[in-house]
Amino acid sequence: MSKKIIGKNLSEVSLPENLPEKLKSMNMEDAFRARSARKRHSIQLDKRISAQLQERRSSNASSTSEGGDSVSSYTGSSSDEDEVNPRDKNQKNSKGSSDFCVKNIDNAAFGRREIEIAEQEMPGLMALRRRAENDKPLSGAKIIGCTHITAQTAVLVETLASLGASVRWAACNIYSTQNEVAAALAEAGFSIYAWKGETEEDFWWCIDKCINSEGWQPNMILDDGGDATHLMLKRYPAMFNMIKGIVEESVTGVHRLYQLSKSGKLTVPAMNVNDSVTKTKFDNLYSCRESILDALKRTTDVMFGGKQIIICGYGEVGKGCASALKGLGCNVMVSEIDPICALQACMDGFRVTRLEEVVKNIDILITCSGNKNVVTRNHMDKMKTGCIVCNMGHSNTEIDVGSLRTPDLTWEKVRSQVDHIIWPDGKRIILLAEGRLVNLSCSSVPSFVVSITSATQALALIELYNAPQGRYKQDVYLLPKKMDEYVASLHLPTFDAHLTELSDEQAKYLGLNKTGPFKPNYYRY
């Protein structure tokens, strides 16, 4: 309303001719009360309509499950609507197989469409599939997979199968599974044991069902976090000793492998994919640079400009997050234990500080360290109301979420993966994904980057499975540089990129083979 008419009677203002006489005679106070009454009525009506729509959607969902593809779109992706534990369901795919456990097998068609979209954006992995499927380099391989189950993972699963492998798959995170994609894989005949919202008991049960299957002896492990490796070593040590190789892609999982190796408990060779260049630079840096923004926007609708943000850890993940947020006008600070990473942060224009020095003033906190208890209850007690707390590292150890489950604090669910933690004085912070990976729990990861990582994983599996006896001992190895370069070359045609070739004279001068590898193992990209 214009400032010129505030405080005047409506009779003093020029009004439209078609306005009802009753409204023309009202003063401003009466009009406000009338508007408020209409608004209350509108809210009540909206609630009734929402309830009717929800009832209609539930009815449509049940008719869809009976009639297959009778509707054209799917809106229940990874929803929390179905409260029945999948372990209590008796499900079969169209081939009559029940060797899987997913949320709802009837959503397979929607998952298949998501997989087809992902294939278009994963050119390197698809190129690897086309080049190697006739040779079947993984023929006879029986792979236990424990990773995030997304449309991109499904492309990897089907690629491994095309290369001759038999696979069984569980999720490495209780919140990151795309239910419709898991259903699509189960419908295609894969043994998938995963759904979004598993309990801790469900989580370990799913991994165990993949490992301990009658008539199926695994000989390879593809892990993300080391959980499948840990469970097999603990419960099935004889089976673990028969494994030909382990491929691990996370900081935490690699750390566990090095601990096993140091203590003499690692009895099989393992490949550290996490520290390969194609994983470290592209998945950790470029992927997180995009997915952190997506996750925060989807969950909180936050405006980034001017926000005070602290990034705990300035490795490749922290660098990606800091770069993205700085570009949107945030005041980004960094906490670090490593003087080299700290110096990099300073040179990139970020203030390096301790969390306890700024915790009272920050708007958003993001952990990216791979450590445990980086953010404690003492830190969160000092945060201001409305502070957003989330994790981009691994697992749920970086934020001490357990310390928030006390009688004096109230948990209030805002939406899926978003909780208010309310203090007795009314202060509340916003915790995302209960401290688990926010980008994989609350958003998605760019398919192109996952193509790079997945191609690296596939090549590592091929290398370990086909390596002659004695090439790899009971230790942890890095992916050979030549394979890193091959993965990169698979993705260059997407950008119509043309590599320059060395002349014989140039190759001799540098002491290189004309076809690579072009950098020594100690080179830092």
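Cut-off values and rules
- Within each chain, residue numbers correspond to sequence positions counted from 1 in written order.
- For this predicted model, a pLDDT threshold of at least 70 governs which residues receive local features, and a threshold of 80 or more governs which side-chain atom pairs are given and counted, while totals over whole chains, interfaces and linings are taken from all residues.
- Based on all heavy atoms of the structure, the side-chain values leave hydrogens and waters out of the count.
- UniProt positions are given in the numbering used here, feature names are shortened, and annotations may be inferred rather than shown by experiment.
- Numbering of helices and strands starts at the N terminus; helices are DSSP runs of H or I of at least 4 residues and strands are runs of E of at least 2.
- Burial status follows relative accessibility: with a 1.4 Å probe on protein chains alone, a residue under 20% of its type maximum counts as buried, one over 50% as exposed, and anything between as partly exposed.
- Should any heavy atoms of two residues lie within 4.5 Å, those residues are counted as being in contact.
- At least two bridges found by DSSP between two strands are what make those strands a pair.
- Inter-axis angles, ranging from 0 to 180 degrees, are taken between N-to-C directions of lines fitted to C-alpha atoms, where helices are fitted over the stretch in contact.
- Under this scheme an angle from 65 to 115 degrees is roughly perpendicular, one under 35 degrees roughly parallel, and one over 145 degrees roughly antiparallel; angles in between are oblique.
- For any helix crossing, the convention is left-handed if the near helix is rotated counterclockwise from the far helix by under a right angle, and right-handed if that rotation is clockwise.
- Classification convention: Asp, Glu, Lys, Arg as charged; Ala, Val, Leu, Ile, Met, Phe, Trp, Tyr, Cys, Pro as nonpolar; all other residues, Gly among them, as polar.
- Within this scheme a cavity is a closed region of a 1 Å grid, computed over the protein atoms alone, that accommodates a 1.4 Å probe without allowing it to escape, whereas a pocket is open but has protein on both sides within 12 Å along at least five of seven lines; lining residues each have an atom within 4 Å of a point.
- Grid points are joined across faces, edges and corners, and a volume is the space filled by probe spheres set on the points.

By the naming in an unreviewed UniProt entry, the protein goes by Adenosylhomocysteinase and is assigned to Crassostrea virginica. Here the protein is described in UniProt, under the heading Pathway (unreviewed entry), as follows: "Amino-acid biosynthesis; L-homocysteine biosynthesis; L-homocysteine from S-adenosyl-L-homocysteine: step 1/1."

## Digging into unusual backbone geometry
In this structure, the amide linkage connecting glycine 516 to the following residue, proline 517, adopts the cis form with an omega of 0°. At glutamine 417, a position not held by glycine, the phi torsion is positive, near 75°. Tracing the sequence through the fold places glutamine 417 in the loop between strand E12 (410-415) and strand E13 (418-422). With a phi angle near 55°, aspartate 496 is a residue other than glycine that sits in the positive phi range. Position of aspartate 496 relative to the elements: it lies in the loop between helix H18 (481-491) and helix H19 (504-510). Overall, the relative accessible area of 55% leaves aspartate 496 in the exposed class.

## Here we look at the environment of aspartate 475
With respect to the helices and strands, the residue aspartate 475 is situated in the loop between helix H17 (447-466) and strand E15 (476-478). In sequence terms aspartate 475 and alanine 270 are 205 residues apart; their C-alpha atoms lie 6.2 Å from each other. Those residues in contact with aspartate 475 that lie beyond four places of it in its chain are Ser261, Leu266, Val268, Pro269 and Ala270.

## So, the side chain of aspartate 208
Among the secondary structure elements, aspartate 208 is positioned in helix H7 (residues 200-211). Judged by relative accessible area, which is 16%, aspartate 208 ranks as buried. Setting aside residues up to four positions removed in sequence, aspartate 208 forms contacts with Leu231, Arg235 and Tyr236.

## What about the sheet that holds E12?
Spatial strand order, E9-E8-E7-E10-E11-E14-E13-E12: eight strands in an open sheet with mixed pairing. Each edge of the sheet is formed by a strand with only one pairing partner; in this case those strands are strand E9 (351-352) and E12. Of the pairings in the sheet, the one linking E12 to E13 comprises five bridges and is antiparallel in character. Across the sheet, the residue bridging to threonine 410 is isoleucine 422, located in E13.

## Some thoughts on the packing of helix H11 (residues 277-300) against H17
Two numbers describe how H11 lies on H17: the axes approach to 9 Å, and their chain directions differ by 155°. As far as their axial angle goes, H17 and H11 are roughly antiparallel. Judged by the sense of rotation from one axis to the other, the crossing of H11 with H17 is left-handed. From H11, Thr278, Lys279, Phe282, Asp283 and Ser287 reach across to H17, where they touch Val449, Ile452, Thr453 and Thr456. By residue class, the composition of the contact of H11 with H17 is three nonpolar, four polar and two charged.

## Notes on the UniProt feature "binding site: NAD(+)" (unreviewed entry) in the protein
UniProt marks Gly315, Glu316, Val317, Gly318, Lys319, Gly320, Glu336 and Asn439 with the feature "binding site: NAD(+)" (unreviewed entry), using the numbering shown here. Following the sequence through the fold, glycine 315 ends up in the loop between strand E7 (308-312) and helix H12 (316-327). By relative accessible area, which is 25% here, glycine 315 ends up partly exposed. The exposure class assigned to glycine 320 is buried, which follows from its relative accessible area of 0%.

## With respect to the layout of surface pockets
Each pocket or cavity is described by its volume, and for the second largest pocket that value is around 960 Å³. Those elements that provide at least two residues to the lining of the second largest pocket are H11, H17 and H18. Looking at the lining of the second largest pocket residue by residue, the class counts come to 16 nonpolar, six polar and nine charged.

## Quick look at the sheet that holds strand E1 (residues 142-147)
Here we have seven strands laid out as an open sheet, ordered E3-E2-E1-E4-E5-E6-E15, and parallel in their pairing. The sheet is open, and its two borders are formed by strand E3 (191-193) and E15, each paired with just one other strand. Neighbour-to-neighbour, the strand axes of this sheet turn through a mean angle of 20°, independent of strand direction. As paired elements, strand E6 (residues 270-272) and E15 share three bridges and run parallel to each other. Each bridged residue has a counterpart across the sheet, and for alanine 270 the counterpart in E15 is valine 476.

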